[in-house]
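# Observations on chain architecture
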Amino acid sequence: MRWARLYMSPTLIILGIVALLAFAAVVYLIVPTADRMLWDPTPRAKPYSDLEARGKRLYGREGCWYCHTQQVRPVKADANLGPVSLPGDYVYDKPAFLGSERQGPDLAWVGDRLPDKNYHIVHLKNPRATMPGSIMPAFDHLPQADLEALAAYLVSLKSGSRPERDLRSRGRHAHDYPPRRYRIQNPVAFSRENLTAGKRLYDRDCARCHGLGGRGSGPAEAVDFTDTHFMGEATDAYLFWKISEGPRRPVAGHDYKNRLSARGRWQIVHYLRSFAEGLAGE
Amino acid sequence: MPTSTEEATERTANDGLASRHAIYSAALWLGLSLTVGTLASFSLVWPDWLRAVFPKELWPYIHFGRLRPVHVHIAIFGWLSTMYFAAMYYIVPRLAGVKLFSERLGAATVWFWNITMAAATVTLLMGMTQNREYGEEIWPIDLMVAITVVMLGINVFATVAKRRIKTMYVSLWYMMGSIIWLALLYIVGNKMWDPSGAFTGVTDPIINWWYGHNVIGMWFTTNGVAIAYYLIPLLAGRPLYSHKLSMIGFWSIAAIYPQTGAHHLIWGPVPSWLVSVAAVTSMMMIIPVWTVLTNFYKTASGNWTRFLGSVPGRFILMGSVFYFVTCLQGPTQSLRSWSAVVHFTHWVVGHAHLAMLGAFSFFSFAFAYHALPRLLGRRGMYSEALAGWHFWLSTLGFVIMAFDLWFAGIVQGTSWISGTPFIQVVVAMKPYMLTRALAGVIILTGQFLYIYNVFMTARQPERTAKPAAPRAA
């Protein structure tokens, strides 16, 4: 086995594994930094005040982030947690407390839900007084100043959008008609080429929230394109309008009239139809 | 293939010094880590119980947020990594056909590492942390870790350089590779050129998980596999089934594993192409895992009576089963659809324990039971019966704990999807958390038997000048 002997040299093994690891380092460390999405702050991101920054350090020191995440994902489980988190929400964090486990609730937008600092101070001192059944440790051993800093940090975690208890029960498109200038026919022909182009654009720009399969496996805001009732009611013009201007409850970055050509948006409309008709993937 | 050189070289008092010290140290860290883990696990049922037991002055240091990183760090760095040091100091010279480059340097490495781990325990309990999972240690401790890895690397590479057996057995590749991987990953992943240790924005979680998952795959996995590759031919009394398969396993893990880290951030606020890269490569992990396990199975099969007749053989077999299940779970968890159910739940905690405790700790136990009597020139361990009890308590306790955490995770995940109020899910978890804590007590009992057995073996009078030397496989 002559080829096998090549692998027996320590030098070659070392060079080989270092090269493979370096390739991964390029993929993880270098390539993502080229994406503006990671660096441009969203409108709701803001730098911390001194007190909030101190609270954030305490949040880290006490290990709050082992049990509380700070990321809302475009999935059904997170539907009631507020707007989906975007990379630009974290540009002032070093490090960002994305978290990896939810022994306690997600805190990405806890300031929207619970804007009262005093609530947090009482809750931190005796979690079971405000939330019977909670398994959170009590922090009444912390000095009052620390509790106030923590509370200031927690209420600063807000998106500014009003929380709604169950977004899924909201009538999604009642009284929701496109303005006159959008009441037009789809000028792009339904063809395999246009469908493919639509798929490419969809996978790139829409799939993160609406799902690759169009099932809206995302938050309640992200509609389910396989929902035949919804797709039956929605005209092409309605879909084109929503793609262009974004949904009624604003979603950052959904202004595709500024990002995609009209042709591209119409191609996406064709592709959206294919989900409910079971054509996607063919 | 493994050959014993114990007959060939003259034994001196210093022989095996480094490996012995590492095994003793690791046993103590194991006891500490699992004690802390068990204490913490009860606070998920009764959050105030530690306050009832300990005086008020200690309250700031003993809540879950402080105990969890101590448990994790001491388990993976204090216990498992120290065992890996022991395995390298034992296995590398035997596969190279020479003595270890320096036993004294090895022992010094172990004791410097013990100081590092003690410092990590104290600082983490005091709340000094960089707040990055698996990378919590503050900068000075990061430096101490890096120094230790360099000391370890000098010893291992110098031994390999003067080897007499020119053909390098697969365990050697894995051990050499692991040292390089750990060094590079630790330095980059912990951002060691910056004492704050963190990157800005979501770049930090991306790099954190690149490091955090790779250190599992390219230090803990690869060293565990190296131990199993060394022990299985010896325990089965026959040569390795296929060297070609072992090459495929090695180069595929080296190519695939470094790309998998972003599966910790599925649906998270990171570029979705990166998550896709991680999902695809995670699925491809089936290649290295199944080639390695096929190789293990084919080497041992046909000789099960001999293989399972020894405690190390049982630990290796059970560890391989756990490794197989880990690597069925891992790829499926990296799929967006399944991640949407189990991410952030106890399922993932069960998965993490499956790899670290079920697979790699079991391989390490097998190594300790195989190597310690030989290092000490004893006929065997102090008590085979205690070793058997250790095996069954660890296996039983862990199986209960793992299934409990997986069921708990599925209940949690599906309840969140159905829109159940969060606190109701927390309360519903309490019976599961109690079961898990009690399973932890069973596991912990087994580990105390192991620690007792290790130290009683060390204190035993030397019965014979020569150990029952393993047959050259």
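Residues numbered from 1 in each chain as written. Chains lettered and ligands numbered in written order. Predicted model: local features only at pLDDT ≥ 70, side-chain atom pairs only at ≥ 80, totals over all residues. Heavy atoms only, no water.

## Let's talk about the overall build of chain A
For clarity, the cut-off: In this text, helices come from DSSP runs of H or I with a minimum length of four residues, and strands from runs of E with a minimum of two, each type numbered from the N-terminal end. Residue contacts are counted whenever heavy atoms from the two residues lie within 4.5 Å of one another. Computed with a 1.4 Å probe, the accessible areas rest on the Shrake-Rupley method; for each residue, only the protein chains presented here act as cover.
A tally of regular secondary structure across chain A gives 12 helices and 0 strands. Starting at the N terminus and walking to the C terminus, you meet the elements of chain A as α-α-α-α-α-α-α-α-α-α-α-α. Here the analysis covers contacts within chain A between residues at least 6 apart in sequence; of these, 70% occur between residues at least 24 apart. Accessible surface computed for chain A: about 13800 Å², of which carbon and sulfur atoms make up 57%.

## Focus: the packing of aromatic side chains
The condition is simple: Each aromatic pair joins two rings of Phe, Tyr and Trp (for Trp, the six-membered one) with centres within 6.5 Å, and gets the label stacked for planes under 30 degrees apart, edge-to-face for over 60, and tilted for any other angle. Burial status follows relative accessibility: with a 1.4 Å probe on protein chains alone, a residue under 20% of its type maximum counts as buried, one over 50% as exposed, and anything between as partly exposed.
Under the defined criterion, the tally for this structure stands at 54 aromatic pairs over all chains. Aromatic pair Phe240(A) and Trp266(A): ring centres 3.9 Å apart, planes at 0 degrees, arrangement stacked. Of this pair, Phe240(A) sits in helix 11 (residues 236-245) while Trp266(A) sits in helix 12 (residues 262-276), and the two are 26 residues apart along the sequence. For the pair Phe240(A) and Trp266(A), a shared accessibility class is recorded, and that class is buried. Between Trp173(B) and Phe250(B), the ring centres sit 5.4 Å apart and the planes meet at 80 degrees, which makes this aromatic pair edge-to-face. Pair noted here: Trp173(B) is in helix 6 (residues 170-189) and Phe250(B) is in helix 8 (residues 243-256), with a separation of 77 residues, a long-range link.

## What to know about the layout of surface pockets
Our working rule: A 1.4 Å probe that fits into a set of points on a 1 Å grid over the protein atoms alone but cannot get out defines a cavity; an open set with protein on both sides within 12 Å along at least five of seven lines defines a pocket, and lining residues are those with an atom within 4 Å of a point. Grid points are joined across faces, edges and corners, and a volume is the space filled by probe spheres set on the points. Residue polarity is assigned by list, with Asp, Glu, Lys and Arg as charged and Ala, Val, Leu, Ile, Met, Phe, Trp, Tyr, Cys and Pro as nonpolar; anything else, Gly included, falls into the polar class.
Counted as a void, the second largest pocket has a volume near 1100 Å³. Lining the second largest pocket are 46 residues, with Gly104(A), Pro105(A), Asp106(A), Arg113(A) and Phe422(B) sitting closest to its centre. When contributions to the lining of the second largest pocket are tallied by element, the ones reaching two or more residues are helix 4 (110-113), helix 5 (117-125) and helix 7 (144-155) of chain A together with helix 3 (64-96) and helix 16 (422-428) of chain B. Considering each element in turn, the lining of the second largest pocket owes the most residues, 4 residues, to helix 5 of chain A. Here the lining of the second largest pocket is composed, by residue class, of 26 nonpolar, 13 polar and 7 charged.

## Notes on the interface of chain A and chain B
This is how the line gets drawn: In this description, buried area is defined as the sum, over both parts, of the accessible area (probe of 1.4 Å) that is lost when the two are combined. Any carboxyl oxygen of Asp or Glu within 4 Å of a side-chain nitrogen of Lys or Arg constitutes a salt bridge here. Contacts described as polar in this section are N or O atom pairs within 3.5 Å, which, within protein, must combine one atom able to donate a hydrogen with one able to accept it, while residues neighboring in sequence count only if both atoms come from side chains.
If you look at the interface, chain A gives 75 residues, while chain B gives 86 residues. Interface area, chain A with chain B, both sides summed: about 6900 Å², of which 69% is carbon and sulfur. Among the residues chain A hides against chain B, the three largest losses belong to Leu21(A), Tyr28(A) and Tyr66(A). Together they make up 12% of the total. If you look at where chain A meets chain B, you find 5 salt bridges. Between Arg51(B) and Asp140(A) there is a salt bridge whose closest N-O contact spans 2.8 Å. Viewed at the interface, chain B and chain A are joined by 19 residue pairs in polar contact (both at pLDDT 80 or more). Broken down by secondary-structure element, the contributors of at least two residues to the side of chain A that touches chain B are helix 1 (2-5), helix 2 (10-30), helix 3 (50-61) and helix 9 (207-210) of chain A. Looking at the side of chain A that touches chain B, the element that brings in the most residues is helix 2 of chain A, giving 15 residues. A class-by-class count of the residues in the side of chain A that touches chain B yields 47 nonpolar, 15 polar and 13 charged.

## Here we look at helix 9 (residues 272-284) of chain B
Heads up, the condition is: Helices are assigned an expected span. That span is 1.5 Å times one less than the residue count.
With 13 residues, helix 9 of chain B extends 18 Å from end C-alpha to end C-alpha; this agrees with the ideal 18 Å at 1.5 Å per step. Buried within helix 9 of chain B we find Leu274(B), Val275(B), Ala278(B), Ala279(B), Thr281(B) and Ser282(B). For helix 9 of chain B, the elements touching its buried residues are helix 2 of chain A together with helix 7 (203-236), helix 8, helix 10 (286-300), helix 12 (311-333) and helix 13 (336-342) of chain B.

## Quick look at unusual backbone geometry
Residues apart from glycine generally show negative phi values, whereas peptide bonds are mostly found in trans. The omega angle of the peptide bond from Lys94(A) to Pro95(A) is 0 degrees, so this bond is cis rather than trans. Its location among the elements puts Pro95(A) in the loop between helix 3 and helix 4. Phi is positive for Asn131(B), which is not a glycine, with a value near 60 degrees. Within the secondary structure, Asn131(B) sits in the loop between helix 4 (103-125) and helix 5 (139-161). Despite not being glycine, Tyr134(B) shows a phi value in the positive range, around 70 degrees. Relative to the assigned elements, Tyr134(B) resides in the loop between helix 4 and helix 5.

## Quick notes on the side chain of Ser282(B)
Residues and elements named next belong to chain B. Mapping Ser 282 onto the fold places it in helix 9. Look at Ser 282 and you get buried, because its relative accessible area is 3%. Contact partners of Ser 282, with chain neighbours within four places excluded, come to Thr 260, His 263, Pro 331 and Ser 334.

## Brief notes about the side chain of Ser394(B)
Residues and elements named next belong to chain B. Positionally, Ser 394 belongs in helix 15 (residues 384-418). Among the residues examined, Ser 394 registers a relative accessible area of 1% and is labelled buried. In contact with Ser 394, not counting residues within four places along its chain, are Phe 362, Ile 443 and Gln 447.

## Some thoughts on the state of the cysteines
The condition that has to hold: A pair of sulfur atoms, both from cysteines and within 2.5 Å, is called a disulfide here.
Throughout the structure, instances matching the rule amount to 0 disulfides over all chains. Considering cysteine sulfurs only, Cys206(A) is the nearest to Cys209(A), which forms no disulfide, with 9.2 Å between them.

## Section: helix 2 of chain A
The α-helix advances 3.6 residues per turn, and as a result positions three or four apart in sequence lie on the same side. Between the first and last C-alpha of helix 2 of chain A there are 29 Å, a value that for 21 residues agrees with the 30 Å anticipated at 1.5 Å per step. Among the residues making up helix 2 of chain A, those that are buried are Ile13(A), Gly16(A), Ile17(A), Leu21(A), Ala24(A), Ala25(A), Val27(A), Tyr28(A) and Leu29(A).

## Focus: a nonpolar patch on the surface
All names here are of chain B. Using the following cut-off: For patches, a residue must show more than 30% relative accessible area and have no salt bridge; joins then use 9 Å for like charges and 5 Å for nonpolar side chains, namely Val, Leu, Ile, Met, Phe, Trp and Tyr.
A surface patch of nonpolar side chains, about 420 Å² in accessible area, is lined by Leu 58, Tyr 61, Val 122, Met 126 and Met 128. Among the structural elements, Tyr 61 can be located in the loop between helix 2 (49-53) and helix 3. Given a relative accessible area of 34%, Tyr 61 falls into the partly exposed group.

## Topic: the pattern of salt bridges
Residues and elements named next belong to chain A. Counted under the stated rule, the structure contains 23 salt bridges over all chains. A salt bridge links Asp 106 to Arg 102; the nearest nitrogen and oxygen atoms lie 3.6 Å apart. Classification of Asp 106 as buried rests on a relative accessible area of 1%. Residue Arg 102 is classed as buried on the basis of its relative accessible area, which comes to 2%. A salt bridge links Asp 205 to Arg 204; the nearest nitrogen and oxygen atoms lie 3.0 Å apart. Overall, Asp 205 belongs to the partly exposed group, its relative accessible area being 24%. Given the relative accessible area of 57%, Arg 204 is considered exposed. Three or more residues are tied together by salt bridges with common partners; here these are Arg 73, Asp 78, Arg 102 and Asp 106.

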